[in-house]
Amino acid sequence: MKHLITTLCACAAIFGVSAAEYVRPEVVIRPADQKCPEDCSPLCGNIFRAQAGKLEDFNRLPSEQTALRCSMDKDNLYIELYMEDKDILSEALNNKSPKLYNIADAVQILLHCEKQPNIWEINVTSNSMSNCFLMPGAGAALPICSETFNYKYEVKVDGTLNDSKDIDKSWSAKVTVPLSELRRKGLLFTESENWTILVYRNNYGRYLAGREHSCFPQTLRNVYETARFAKLVFPKTK
(Lines give C-alpha, C1' and ligand atoms only; values in the text may rest on other atoms or scores of the structure.)
Protein backbone atom coordinates (compact mmCIF):
# COMPACT_ATOMS: atom_id res chain seq x y z
CA MET A 1 0.00 0.00 0.00
CA LYS A 2 2.82 2.41 0.90
CA HIS A 3 4.51 1.72 -2.46
CA LEU A 4 1.22 2.36 -4.29
CA ILE A 5 0.68 5.68 -2.53
CA THR A 6 4.26 6.76 -3.25
CA THR A 7 3.87 5.81 -6.89
CA LEU A 8 0.60 7.70 -7.27
CA CYS A 9 2.05 10.78 -5.57
CA ALA A 10 5.10 10.74 -7.86
CA CYS A 11 2.93 10.31 -10.94
CA ALA A 12 0.71 13.20 -9.93
CA ALA A 13 3.77 15.34 -9.21
CA ILE A 14 5.06 14.90 -12.75
CA PHE A 15 1.73 15.25 -14.50
CA GLY A 16 -0.14 18.14 -12.97
CA VAL A 17 0.30 18.53 -9.22
CA SER A 18 1.61 21.95 -8.24
CA ALA A 19 5.16 22.33 -6.94
CA ALA A 20 3.77 23.20 -3.51
CA GLU A 21 2.20 19.73 -3.24
CA TYR A 22 5.18 17.85 -4.71
CA VAL A 23 6.78 15.17 -2.51
CA ARG A 24 10.46 15.23 -3.42
CA PRO A 25 12.34 11.99 -4.16
CA GLU A 26 15.52 11.61 -2.11
CA VAL A 27 19.20 11.01 -2.83
CA VAL A 28 21.00 9.75 0.27
CA ILE A 29 24.57 10.97 0.64
CA ARG A 30 26.74 8.28 2.21
CA PRO A 31 30.03 8.97 4.04
CA ALA A 32 32.91 8.76 1.56
CA ASP A 33 34.71 6.18 3.71
CA GLN A 34 31.67 3.87 3.69
CA LYS A 35 32.47 1.25 1.05
CA CYS A 36 29.83 -0.45 -1.07
CA PRO A 37 29.46 -4.23 -0.51
CA GLU A 38 31.69 -6.33 -2.75
CA ASP A 39 28.64 -7.88 -4.42
CA CYS A 40 27.10 -4.45 -5.08
CA SER A 41 25.83 -4.03 -8.65
CA PRO A 42 27.16 -1.08 -10.69
CA LEU A 43 23.50 -0.10 -10.98
CA CYS A 44 23.01 0.37 -7.25
CA GLY A 45 21.85 3.84 -6.29
CA ASN A 46 19.12 6.10 -7.66
CA ILE A 47 18.01 4.70 -11.04
CA PHE A 48 17.11 7.07 -13.86
CA ARG A 49 13.75 7.07 -15.61
CA ALA A 50 12.96 8.22 -19.14
CA GLN A 51 12.22 11.92 -19.35
CA ALA A 52 8.44 12.22 -19.12
CA GLY A 53 6.57 13.63 -22.07
CA LYS A 54 3.26 11.85 -21.65
CA LEU A 55 1.47 9.72 -19.05
CA GLU A 56 2.76 6.45 -20.52
CA ASP A 57 6.31 7.60 -19.75
CA PHE A 58 5.71 7.65 -16.00
CA ASN A 59 8.27 5.43 -14.24
CA ARG A 60 9.47 4.02 -17.59
CA LEU A 61 13.05 2.79 -17.64
CA PRO A 62 15.19 3.93 -20.57
CA SER A 63 16.72 1.34 -22.90
CA GLU A 64 20.12 1.87 -21.25
CA GLN A 65 20.07 2.49 -17.52
CA THR A 66 21.92 4.94 -15.30
CA ALA A 67 22.65 4.88 -11.56
CA LEU A 68 23.43 7.93 -9.41
CA ARG A 69 25.34 7.77 -6.12
CA CYS A 70 26.51 10.60 -3.86
CA SER A 71 29.00 10.64 -1.00
CA MET A 72 30.92 13.28 0.96
CA ASP A 73 33.68 13.92 3.44
CA LYS A 74 34.64 17.10 5.27
CA ASP A 75 36.16 18.63 2.13
CA ASN A 76 34.22 17.40 -0.90
CA LEU A 77 30.94 16.23 -2.37
CA TYR A 78 31.35 13.27 -4.74
CA ILE A 79 28.78 12.59 -7.47
CA GLU A 80 29.17 9.24 -9.25
CA LEU A 81 27.29 8.02 -12.31
CA TYR A 82 27.34 4.62 -14.00
CA MET A 83 25.78 4.39 -17.46
CA GLU A 84 25.00 1.35 -19.53
CA ASP A 85 25.93 2.14 -23.12
CA LYS A 86 26.32 -0.20 -26.10
CA ASP A 87 27.59 2.57 -28.39
CA ILE A 88 29.60 5.30 -26.67
CA LEU A 89 29.73 8.46 -28.80
CA SER A 90 30.89 12.06 -28.55
CA GLU A 91 31.48 14.90 -31.00
CA ALA A 92 32.62 17.28 -28.25
CA LEU A 93 36.02 18.68 -29.26
CA ASN A 94 36.62 21.11 -26.40
CA ASN A 95 35.14 22.39 -23.16
CA LYS A 96 33.91 25.69 -24.61
CA SER A 97 30.58 24.52 -25.98
CA PRO A 98 27.96 25.75 -23.47
CA LYS A 99 25.67 22.75 -24.01
CA LEU A 100 27.99 19.76 -24.29
CA TYR A 101 25.10 17.35 -23.77
CA ASN A 102 23.69 18.27 -27.20
CA ILE A 103 26.70 16.87 -29.07
CA ALA A 104 27.72 13.86 -27.01
CA ASP A 105 26.80 11.06 -24.68
CA ALA A 106 26.80 13.27 -21.62
CA VAL A 107 25.39 14.00 -18.18
CA GLN A 108 24.21 17.33 -16.83
CA ILE A 109 24.39 17.71 -13.04
CA LEU A 110 22.30 20.45 -11.41
CA LEU A 111 22.70 21.41 -7.73
CA HIS A 112 20.53 23.91 -5.90
CA CYS A 113 20.21 25.31 -2.38
CA GLU A 114 16.88 26.76 -1.30
CA LYS A 115 18.67 29.60 0.52
CA GLN A 116 19.71 31.08 -2.83
CA PRO A 117 18.35 31.04 -6.40
CA ASN A 118 21.72 29.92 -7.83
CA ILE A 119 21.98 26.67 -9.82
CA TRP A 120 25.34 24.90 -10.02
CA GLU A 121 25.57 23.10 -13.39
CA ILE A 122 28.30 20.62 -14.36
CA ASN A 123 28.36 18.89 -17.77
CA VAL A 124 30.54 15.83 -18.44
CA THR A 125 30.86 13.91 -21.72
CA SER A 126 31.94 10.36 -22.48
CA ASN A 127 35.21 11.61 -24.04
CA SER A 128 36.24 13.52 -20.90
CA MET A 129 35.10 17.00 -21.84
CA SER A 130 33.48 19.06 -19.12
CA ASN A 131 32.37 22.56 -18.22
CA CYS A 132 30.47 24.27 -15.43
CA PHE A 133 28.22 27.24 -14.84
CA LEU A 134 27.08 28.92 -11.66
CA MET A 135 23.77 30.31 -12.86
CA PRO A 136 22.02 33.14 -11.00
CA GLY A 137 18.66 31.33 -11.09
CA ALA A 138 16.28 29.06 -12.97
CA GLY A 139 14.97 32.01 -14.95
CA ALA A 140 18.49 32.96 -16.04
CA ALA A 141 19.86 29.52 -16.94
CA LEU A 142 22.12 30.93 -19.64
CA PRO A 143 25.93 30.64 -19.84
CA ILE A 144 26.20 34.37 -20.58
CA CYS A 145 24.71 35.07 -17.13
CA SER A 146 27.00 32.63 -15.36
CA GLU A 147 30.36 32.35 -13.70
CA THR A 148 32.53 29.25 -13.41
CA PHE A 149 33.76 27.42 -10.29
CA ASN A 150 36.42 24.87 -9.42
CA TYR A 151 35.77 21.12 -9.47
CA LYS A 152 37.39 17.89 -10.60
CA TYR A 153 36.08 15.03 -12.70
CA GLU A 154 37.09 11.60 -13.97
CA VAL A 155 35.60 9.57 -16.84
CA LYS A 156 36.09 5.86 -17.50
CA VAL A 157 34.97 4.07 -20.68
CA ASP A 158 34.36 0.32 -20.84
CA GLY A 159 34.38 -0.04 -24.62
CA THR A 160 35.63 1.93 -27.61
CA LEU A 161 34.71 5.55 -28.14
CA ASN A 162 33.10 6.54 -31.46
CA ASP A 163 33.19 3.06 -33.00
CA SER A 164 29.67 1.86 -33.84
CA LYS A 165 30.89 -1.41 -35.35
CA ASP A 166 31.31 -3.06 -31.95
CA ILE A 167 29.23 -3.32 -28.78
CA ASP A 168 30.39 -1.34 -25.77
CA LYS A 169 29.42 -1.95 -22.15
CA SER A 170 29.32 1.28 -20.16
CA TRP A 171 30.93 4.53 -19.17
CA SER A 172 31.12 6.24 -15.81
CA ALA A 173 31.81 9.70 -14.44
CA LYS A 174 32.89 10.90 -11.00
CA VAL A 175 32.63 14.60 -10.16
CA THR A 176 34.30 16.10 -7.10
CA VAL A 177 32.87 19.41 -5.87
CA PRO A 178 35.02 21.12 -3.22
CA LEU A 179 32.83 22.34 -0.39
CA SER A 180 35.02 25.44 -0.30
CA GLU A 181 33.41 26.48 -3.60
CA LEU A 182 29.97 26.36 -2.03
CA ARG A 183 31.18 28.18 1.08
CA ARG A 184 32.62 30.90 -1.16
CA LYS A 185 28.98 31.76 -1.85
CA GLY A 186 28.11 31.87 1.84
CA LEU A 187 26.78 28.29 2.04
CA LEU A 188 27.71 25.60 4.54
CA PHE A 189 26.39 22.57 2.60
CA THR A 190 24.32 21.22 5.48
CA GLU A 191 20.91 19.57 5.62
CA SER A 192 19.32 22.67 7.14
CA GLU A 193 20.01 24.57 3.90
CA ASN A 194 17.77 22.17 1.92
CA TRP A 195 20.07 21.14 -0.93
CA THR A 196 18.55 19.46 -3.98
CA ILE A 197 19.83 17.77 -7.15
CA LEU A 198 18.74 16.75 -10.63
CA VAL A 199 20.90 14.78 -13.08
CA TYR A 200 20.01 14.52 -16.75
CA ARG A 201 21.51 12.10 -19.30
CA ASN A 202 21.70 12.55 -23.05
CA ASN A 203 22.34 9.26 -24.85
CA TYR A 204 23.13 8.64 -28.51
CA GLY A 205 23.73 5.20 -30.00
CA ARG A 206 23.36 2.90 -32.96
CA TYR A 207 21.25 0.43 -30.99
CA LEU A 208 18.67 2.98 -29.79
CA ALA A 209 15.44 3.85 -31.57
CA GLY A 210 16.41 7.51 -31.26
CA ARG A 211 18.34 9.86 -29.01
CA GLU A 212 17.37 8.92 -25.47
CA HIS A 213 16.84 11.33 -22.57
CA SER A 214 16.64 10.15 -18.97
CA CYS A 215 17.01 11.75 -15.57
CA PHE A 216 16.70 11.47 -11.82
CA PRO A 217 14.29 12.48 -10.55
CA GLN A 218 11.95 11.93 -13.49
CA THR A 219 10.83 15.28 -14.81
CA LEU A 220 9.24 17.05 -17.75
CA ARG A 221 10.98 19.16 -20.40
CA ASN A 222 12.19 21.95 -18.08
CA VAL A 223 15.10 20.43 -16.15
CA TYR A 224 15.78 23.76 -14.42
CA GLU A 225 12.53 23.68 -12.45
CA THR A 226 14.19 23.51 -9.04
CA ALA A 227 10.92 22.83 -7.22
CA ARG A 228 11.03 19.31 -8.70
CA PHE A 229 14.66 18.43 -7.89
CA ALA A 230 15.40 15.54 -5.52
CA LYS A 231 16.27 16.23 -1.89
CA LEU A 232 19.84 15.52 -0.76
CA VAL A 233 19.79 13.60 2.54
CA PHE A 234 22.97 14.13 4.53
CA PRO A 235 24.86 11.51 6.55
CA LYS A 236 23.87 11.33 10.20
CA THR A 237 26.38 13.04 12.46
CA LYS A 238 27.81 10.95 15.28
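Look a little higher up for the structure.
Residues numbered from 1 in each chain as written. Predicted model: local features only at pLDDT ≥ 70, side-chain atom pairs only at ≥ 80, totals over all residues. Heavy atoms only, no water.

1. Some points on the overall build of the chain
Scanning the chain for helices and strands turns up two helices and 13 strands. For the chain, buried positions account for 47% of its 238 residues. A separation of at least 24 residues holds for 65% of the contacts in the chain among residues at least 6 apart in sequence. (Helix = DSSP H or I, 4+ residues; strand = E, 2+ residues; numbered from the N terminus. Buried < 20%, exposed > 50% of the residue type's maximum accessible area, 1.4 Å probe, protein only. Contact = heavy atoms within 4.5 Å.)

2. A look at the pairing of strand β13 (residues 230-233)
Where strand β1 (residues 26-31) and β13 come together, three bridges link them in parallel fashion. Bridge pairing links V27 to L232 in β13. Relative to β13, strand β11 (residues 195-203) runs antiparallel, the two being bridged by two bridges. Within the sheet, the bridge partner assigned to T196 lies in β13 and is K231. (Pairing = 2+ DSSP bridges.)

3. Some words on unusual backbone geometry
In this structure, P217 follows F216 across a cis peptide bond, with omega equal to -5°. As for its position among the elements, P217 is in the loop between β12 (212-216) and β13. The phi torsion at S128 lies on the positive side, around 65°, for a residue other than glycine. Its place among the elements puts S128 in the loop between β7 (119-125) and β8 (130-135). The phi torsion at N162 lies on the positive side, around 55°, for a residue other than glycine. Among the secondary structure elements, N162 is positioned in the loop between β9 (152-158) and β10 (170-178).

4. A short note on the packing of aromatic side chains
Taken as a whole, this structure holds five aromatic pairs when the rule is applied. Look at F189 and W195: their rings are 5.1 Å apart centre to centre, the planes differ by 65°, and that puts the pair in the edge-to-face class. In terms of burial, F189 and W195 fall into one category: buried. A network of ring pairs unites the aromatic residues W120, F149, Y151 and Y153 as a single cluster. (Phe/Tyr/Trp six-rings, centres within 6.5 Å; stacked < 30°, edge-to-face > 60°.)

5. Some words on the nonpolar core
Membership of the largest hydrophobic core comes to 38 residues, with the highest contact counts inside it found for F189, W195, I197 and L232. Beyond its immediate stretch of four places on either side in the chain, L232 contacts V27, I29, C70, L111, F189, E191, W195, T196 and I197. (Core = buried A, V, L, I, M, F, W, Y, C linked by side-chain atoms within 4.5 Å.)

6. Comments concerning the side chain of N118
Mapped onto the elements, N118 comes out in the loop between β6 (106-113) and β7. Judged by relative accessible area, N118 falls into the buried class, the value being 15%. Polar contacts involving the side chain of N118 include one to the side chain of Q116, which spans 2.9 Å. (Polar contact = N/O pair within 3.5 Å; in protein donor to acceptor, adjacent residues only side chain to side chain.)

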